Amino acid sequence: MTEPITETALVARLRAAGCVFAEDEARLILATAATPDGASAMVDRRAAGLPLEHVLGWAEFCGLRIAVDPGVFVPRRRTEFLVRRAAELAPPRPVVVDLCCGTGALGAALAATLRAGGPALHAADIEPAAVRCARRNVEPFGGHVHEGDLFAPLPAALRGGIDVLLANVPYVPAGELALMPVEARVHEPRVALDGGPDGLDVLRRVTAEAPGWLAPGGHLLFETSERQVPDAVAAVERSGLAATVAESAEFAATVIVAAKPV
(Lines give C-alpha, C1' and ligand atoms only; values in the text may rest on other atoms or scores of the structure.)
Protein backbone atom coordinates (compact mmCIF):
# COMPACT_ATOMS: atom_id res chain seq x y z
CA MET A 1 0.00 0.00 0.00
CA THR A 2 1.25 3.49 -0.91
CA GLU A 3 2.42 5.48 2.09
CA PRO A 4 0.54 8.74 2.77
CA ILE A 5 2.33 11.82 1.54
CA THR A 6 2.44 14.73 3.95
CA GLU A 7 1.93 18.39 3.25
CA THR A 8 5.24 19.11 4.96
CA ALA A 9 7.07 16.81 2.53
CA LEU A 10 5.40 18.44 -0.46
CA VAL A 11 6.23 21.92 0.82
CA ALA A 12 9.87 20.96 1.20
CA ARG A 13 10.07 19.63 -2.36
CA LEU A 14 8.32 22.69 -3.81
CA ARG A 15 10.43 25.11 -1.82
CA ALA A 16 13.60 23.34 -2.96
CA ALA A 17 12.41 23.84 -6.55
CA GLY A 18 12.08 27.59 -5.94
CA CYS A 19 8.30 27.86 -5.56
CA VAL A 20 7.67 31.06 -3.60
CA PHE A 21 4.20 30.05 -2.42
CA ALA A 22 5.10 26.45 -1.61
CA GLU A 23 2.63 26.09 1.27
CA ASP A 24 -0.36 27.27 -0.77
CA GLU A 25 0.64 25.16 -3.75
CA ALA A 26 1.07 22.05 -1.63
CA ARG A 27 -2.43 22.45 -0.21
CA LEU A 28 -3.92 22.85 -3.68
CA ILE A 29 -2.08 19.82 -5.00
CA LEU A 30 -3.20 17.65 -2.10
CA ALA A 31 -6.79 18.83 -2.55
CA THR A 32 -6.71 18.06 -6.28
CA ALA A 33 -4.76 14.81 -6.51
CA ALA A 34 -6.74 11.60 -6.40
CA THR A 35 -3.93 9.53 -4.88
CA PRO A 36 -0.62 10.05 -3.03
CA ASP A 37 1.24 8.93 -6.17
CA GLY A 38 -0.76 11.47 -8.15
CA ALA A 39 0.21 14.23 -5.72
CA SER A 40 3.86 13.26 -5.97
CA ALA A 41 3.72 13.30 -9.77
CA MET A 42 2.08 16.72 -9.71
CA VAL A 43 4.87 18.06 -7.51
CA ASP A 44 7.42 16.66 -9.96
CA ARG A 45 5.73 18.50 -12.85
CA ARG A 46 5.57 21.71 -10.86
CA ALA A 47 9.22 21.41 -9.85
CA ALA A 48 10.06 20.96 -13.54
CA GLY A 49 8.63 24.42 -14.21
CA LEU A 50 5.06 23.82 -15.39
CA PRO A 51 2.59 26.52 -14.36
CA LEU A 52 0.66 25.48 -11.27
CA GLU A 53 -2.61 25.75 -13.19
CA HIS A 54 -1.38 23.30 -15.83
CA VAL A 55 -0.34 20.93 -13.06
CA LEU A 56 -3.69 21.15 -11.28
CA GLY A 57 -5.74 21.23 -14.47
CA TRP A 58 -7.71 24.24 -13.28
CA ALA A 59 -7.49 27.86 -12.16
CA GLU A 60 -9.75 29.88 -9.90
CA PHE A 61 -11.19 32.86 -11.74
CA CYS A 62 -14.06 35.04 -10.52
CA GLY A 63 -15.04 32.32 -8.07
CA LEU A 64 -15.20 29.63 -10.77
CA ARG A 65 -12.96 26.61 -11.22
CA ILE A 66 -11.84 27.05 -14.82
CA ALA A 67 -10.39 24.04 -16.64
CA VAL A 68 -6.87 24.77 -17.90
CA ASP A 69 -5.22 22.31 -20.29
CA PRO A 70 -1.47 22.10 -21.00
CA GLY A 71 -0.34 24.59 -23.61
CA VAL A 72 -3.29 26.93 -23.05
CA PHE A 73 -3.01 30.50 -21.75
CA VAL A 74 -3.65 30.66 -18.01
CA PRO A 75 -6.26 33.27 -16.99
CA ARG A 76 -4.76 35.98 -14.80
CA ARG A 77 -6.44 37.24 -11.65
CA ARG A 78 -6.00 40.86 -12.79
CA THR A 79 -8.40 40.17 -15.67
CA GLU A 80 -11.23 39.73 -13.16
CA PHE A 81 -11.35 43.54 -13.18
CA LEU A 82 -12.28 43.47 -16.87
CA VAL A 83 -15.12 41.03 -16.16
CA ARG A 84 -16.42 43.27 -13.37
CA ARG A 85 -16.48 46.27 -15.69
CA ALA A 86 -18.24 44.24 -18.37
CA ALA A 87 -20.90 43.09 -15.90
CA GLU A 88 -21.62 46.70 -14.97
CA LEU A 89 -22.16 47.63 -18.62
CA ALA A 90 -24.11 44.62 -19.86
CA PRO A 91 -27.78 45.18 -20.74
CA PRO A 92 -30.44 42.57 -19.87
CA ARG A 93 -30.01 39.33 -21.82
CA PRO A 94 -26.93 40.54 -23.70
CA VAL A 95 -25.13 39.01 -26.64
CA VAL A 96 -21.59 38.40 -25.36
CA VAL A 97 -18.50 37.43 -27.36
CA ASP A 98 -15.19 36.39 -25.79
CA LEU A 99 -12.53 36.94 -28.46
CA CYS A 100 -9.02 35.44 -28.13
CA CYS A 101 -10.77 33.41 -25.47
CA GLY A 102 -8.06 30.97 -24.38
CA THR A 103 -9.78 28.87 -21.71
CA GLY A 104 -13.00 30.84 -22.17
CA ALA A 105 -12.66 32.10 -18.60
CA LEU A 106 -13.85 35.64 -19.31
CA GLY A 107 -17.01 34.60 -21.10
CA ALA A 108 -17.81 31.89 -18.57
CA ALA A 109 -17.26 34.26 -15.65
CA LEU A 110 -19.43 36.96 -17.17
CA ALA A 111 -22.16 34.43 -17.94
CA ALA A 112 -22.02 33.22 -14.33
CA THR A 113 -22.30 36.78 -13.07
CA LEU A 114 -25.22 37.54 -15.38
CA ARG A 115 -26.88 34.15 -14.98
CA ALA A 116 -30.26 35.73 -14.24
CA GLY A 117 -29.95 37.70 -17.47
CA GLY A 118 -29.21 34.65 -19.58
CA PRO A 119 -26.58 36.02 -21.97
CA ALA A 120 -26.16 34.56 -25.45
CA LEU A 121 -22.48 33.60 -25.26
CA HIS A 122 -19.97 32.97 -28.04
CA ALA A 123 -16.19 32.57 -27.80
CA ALA A 124 -13.43 32.21 -30.37
CA ASP A 125 -9.73 31.42 -30.52
CA ILE A 126 -7.22 30.56 -33.22
CA GLU A 127 -5.54 27.83 -31.16
CA PRO A 128 -7.18 24.36 -31.44
CA ALA A 129 -6.03 23.42 -27.92
CA ALA A 130 -7.62 26.57 -26.53
CA VAL A 131 -10.87 25.88 -28.36
CA ARG A 132 -11.07 22.36 -26.93
CA CYS A 133 -10.41 23.68 -23.44
CA ALA A 134 -12.83 26.60 -23.77
CA ARG A 135 -15.68 24.28 -24.74
CA ARG A 136 -15.38 22.61 -21.34
CA ASN A 137 -15.80 25.98 -19.62
CA VAL A 138 -18.22 27.78 -21.92
CA GLU A 139 -20.69 25.10 -22.98
CA PRO A 140 -22.08 24.57 -19.44
CA PHE A 141 -23.37 28.16 -19.72
CA GLY A 142 -25.05 27.43 -23.05
CA GLY A 143 -22.22 29.06 -24.98
CA HIS A 144 -20.64 28.21 -28.32
CA VAL A 145 -16.92 28.16 -29.08
CA HIS A 146 -15.57 28.77 -32.58
CA GLU A 147 -12.10 28.09 -34.00
CA GLY A 148 -10.47 30.74 -36.16
CA ASP A 149 -8.78 34.12 -36.37
CA LEU A 150 -10.53 36.89 -34.40
CA PHE A 151 -13.97 37.64 -35.91
CA ALA A 152 -13.63 35.29 -38.91
CA PRO A 153 -15.25 32.19 -37.34
CA LEU A 154 -18.16 34.01 -35.69
CA PRO A 155 -21.67 33.46 -37.08
CA ALA A 156 -22.60 36.22 -39.52
CA ALA A 157 -25.85 36.69 -37.61
CA LEU A 158 -23.87 38.29 -34.77
CA ARG A 159 -22.69 41.17 -36.95
CA GLY A 160 -24.09 44.43 -35.60
CA GLY A 161 -25.62 42.68 -32.59
CA ILE A 162 -22.88 42.15 -29.99
CA ASP A 163 -23.59 43.98 -26.74
CA VAL A 164 -20.38 43.06 -24.88
CA LEU A 165 -17.19 42.18 -26.73
CA LEU A 166 -14.43 40.86 -24.44
CA ALA A 167 -11.08 40.86 -26.22
CA ASN A 168 -8.21 39.65 -24.06
CA VAL A 169 -5.75 40.21 -26.89
CA PRO A 170 -2.00 39.60 -26.54
CA TYR A 171 -0.27 42.88 -25.71
CA VAL A 172 3.32 42.01 -24.79
CA PRO A 173 5.77 43.66 -27.23
CA ALA A 174 7.64 40.95 -29.15
CA GLY A 175 10.99 42.24 -27.94
CA GLU A 176 9.96 41.79 -24.31
CA LEU A 177 8.77 38.18 -24.47
CA ALA A 178 12.19 36.99 -23.29
CA LEU A 179 11.68 39.00 -20.09
CA MET A 180 8.51 37.14 -19.16
CA PRO A 181 8.50 34.42 -16.47
CA VAL A 182 9.62 31.03 -17.78
CA GLU A 183 6.21 29.57 -16.94
CA ALA A 184 4.56 31.85 -19.48
CA ARG A 185 7.07 32.03 -22.32
CA VAL A 186 7.82 28.30 -22.32
CA HIS A 187 4.46 26.74 -21.47
CA GLU A 188 1.90 29.16 -22.94
CA PRO A 189 1.36 29.64 -26.69
CA ARG A 190 3.31 32.53 -28.20
CA VAL A 191 0.21 33.60 -30.14
CA ALA A 192 -1.49 34.35 -26.81
CA LEU A 193 1.38 36.58 -25.65
CA ASP A 194 3.00 38.27 -28.66
CA GLY A 195 1.40 41.58 -29.55
CA GLY A 196 3.91 42.55 -32.23
CA PRO A 197 6.58 45.27 -32.14
CA ASP A 198 4.71 47.60 -29.77
CA GLY A 199 2.28 45.04 -28.36
CA LEU A 200 -0.77 46.48 -30.10
CA ASP A 201 -0.87 44.73 -33.50
CA VAL A 202 -3.75 42.38 -32.62
CA LEU A 203 -5.59 45.14 -30.79
CA ARG A 204 -5.54 47.36 -33.88
CA ARG A 205 -7.10 44.56 -35.92
CA VAL A 206 -9.83 44.13 -33.30
CA THR A 207 -10.64 47.83 -33.03
CA ALA A 208 -10.77 48.18 -36.82
CA GLU A 209 -13.45 45.50 -37.12
CA ALA A 210 -15.29 45.93 -33.83
CA PRO A 211 -17.67 48.73 -34.94
CA GLY A 212 -19.20 46.46 -37.57
CA TRP A 213 -19.89 43.74 -35.01
CA LEU A 214 -21.03 45.80 -32.04
CA ALA A 215 -24.68 46.66 -31.50
CA PRO A 216 -25.53 50.36 -31.10
CA GLY A 217 -24.48 51.21 -27.55
CA GLY A 218 -22.35 48.06 -27.35
CA HIS A 219 -18.98 47.91 -25.65
CA LEU A 220 -15.57 46.45 -26.43
CA LEU A 221 -13.37 45.84 -23.38
CA PHE A 222 -9.70 44.93 -23.41
CA GLU A 223 -6.72 44.97 -21.09
CA THR A 224 -3.48 46.85 -21.71
CA SER A 225 -0.47 48.21 -19.86
CA GLU A 226 -0.32 51.75 -18.50
CA ARG A 227 2.34 52.83 -20.98
CA GLN A 228 0.30 51.55 -23.93
CA VAL A 229 -2.82 53.51 -22.99
CA PRO A 230 -2.28 56.54 -25.30
CA ASP A 231 -1.70 54.38 -28.39
CA ALA A 232 -4.51 51.99 -27.46
CA VAL A 233 -6.96 54.87 -26.99
CA ALA A 234 -5.87 56.30 -30.34
CA ALA A 235 -6.62 52.96 -32.02
CA VAL A 236 -10.08 52.93 -30.46
CA GLU A 237 -10.87 56.48 -31.51
CA ARG A 238 -9.67 55.91 -35.09
CA SER A 239 -12.33 53.23 -35.37
CA GLY A 240 -15.07 55.68 -34.35
CA LEU A 241 -15.57 54.30 -30.86
CA ALA A 242 -15.40 56.36 -27.66
CA ALA A 243 -12.68 55.26 -25.21
CA THR A 244 -12.75 55.31 -21.42
CA VAL A 245 -9.82 54.17 -19.31
CA ALA A 246 -10.54 52.22 -16.11
CA GLU A 247 -7.81 51.38 -13.60
CA SER A 248 -7.76 49.19 -10.51
CA ALA A 249 -5.11 49.34 -7.82
CA GLU A 250 -6.58 46.20 -6.25
CA PHE A 251 -6.04 44.13 -9.39
CA ALA A 252 -3.09 46.13 -10.78
CA ALA A 253 -5.03 46.26 -14.03
CA THR A 254 -5.77 48.78 -16.76
CA VAL A 255 -8.84 48.23 -18.91
CA ILE A 256 -10.04 50.30 -21.85
CA VAL A 257 -13.76 50.40 -22.54
CA ALA A 258 -14.69 51.32 -26.11
CA ALA A 259 -18.32 52.30 -26.68
CA LYS A 260 -20.21 52.36 -29.96
CA PRO A 261 -22.54 55.35 -30.28
CA VAL A 262 -26.24 54.63 -30.00
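Residues numbered from 1 in each chain as written. Predicted model: local features only at pLDDT ≥ 70, side-chain atom pairs only at ≥ 80, totals over all residues. Heavy atoms only, no water.

Q: What am I meant to see in the overall build of the protein chain here?
A: Tallying secondary structure elements over the protein chain gives ten helices and nine strands in all. Taken along its principal axes, the extent of the C-alpha atoms in the protein chain is 65 × 40 × 30 Å. Per-residue burial over the protein chain gives 50% buried out of 262 residues. Partitioning the intrachain contacts of the protein chain with sequence separation of at least 6 by distance along the chain shows that 63% fall at a separation of at least 24. Accessible area for the protein chain stands at about 11,800 Å²; split by element, carbon and sulfur atoms hold 55% of it. Between the centroid of the 24 positive side chains of the protein chain and the centroid of its 32 negative side chains there is a distance of 2 Å. (Helix = DSSP H or I, 4+ residues; strand = E, 2+ residues; numbered from the N terminus. Buried < 20%, exposed > 50% of the residue type's maximum accessible area, 1.4 Å probe, protein only. Contact = heavy atoms within 4.5 Å. Areas by Shrake-Rupley, 256 points an atom, 1.4 Å probe, with all protein chains shown as cover. Lys, Arg positive; Asp, Glu negative; His and termini not counted. Charge placed at Lys NZ, Arg CZ, Asp CG, Glu CD.)

Q: Looking at this structure, how should I read the environment of Val 255?
A: Along the chain, Val 255 falls in strand β9 (residues 253-259). Taking C-alpha positions, Val 255 is 8.4 Å from Ser 225, a pair spaced 30 residues apart along the chain. Other than its neighbours up to four places away in sequence, Val 255 contacts Phe 81, Leu 82, Leu 221, Phe 222, Glu 223, Thr 244, Val 245 and Ala 246.

Q: I keep staring at the sheet that holds strand β4 (residues 120-125) and nothing clicks. Help me out?
A: The strands making up a sheet associate through backbone hydrogen bonding, with each pair oriented either parallel or antiparallel. The seven strands are arranged β5-β4-β3-β6-β7-β9-β8 in an open sheet whose pairing can be described as mixed. Two strands lie at the open edges of the sheet, namely β5 (144-147) and β8 (242-248), each paired on one side alone. For this sheet the average axis-to-axis angle between neighbouring strands, irrespective of direction, equals 20°. Two elements, strand β3 (residues 95-99) and β4, share five bridges in a ladder whose sense is parallel. Pairing of Val 96 across the sheet is with Leu 121, part of β4. (Pairing = 2+ DSSP bridges. Axes fitted to C-alpha atoms, helices over the stretch in contact; angles between N-to-C directions.)

Q: How do you make sense of the pattern of salt bridges when you look at a structure like this?
A: If you walk through the whole model with that rule in mind, you get 16 salt bridges. Two residues, Asp 149 and Arg 205, come together in a salt bridge whose shortest N-O distance is 2.6 Å. Separated by 56 residues along the polypeptide, Asp 149 in the loop between β5 and β6 (162-167) and Arg 205 in helix α9 (residues 201-213) bring together distant segments of the chain. With a relative accessible area of 38%, Arg 205 lands in the partly exposed category. Among the salt bridges present, the one from Glu 176 reaches Arg 227, with a minimum N-O distance of 2.4 Å. Residue Glu 176 is found in the loop between β6 and α8 (182-187), and its partner Arg 227 is found in the loop between β7 (214-224) and α10 (229-238); the two are separated by 51 residues along the sequence. For Arg 227, a relative accessible area of 56% puts it in the exposed group. Each of the salt bridges in this network shares a partner with another, and the network as a whole consists of Glu 7, Asp 24 and Arg 27. (Salt bridge = Lys/Arg side-chain N within 4 Å of Asp/Glu carboxyl O.)

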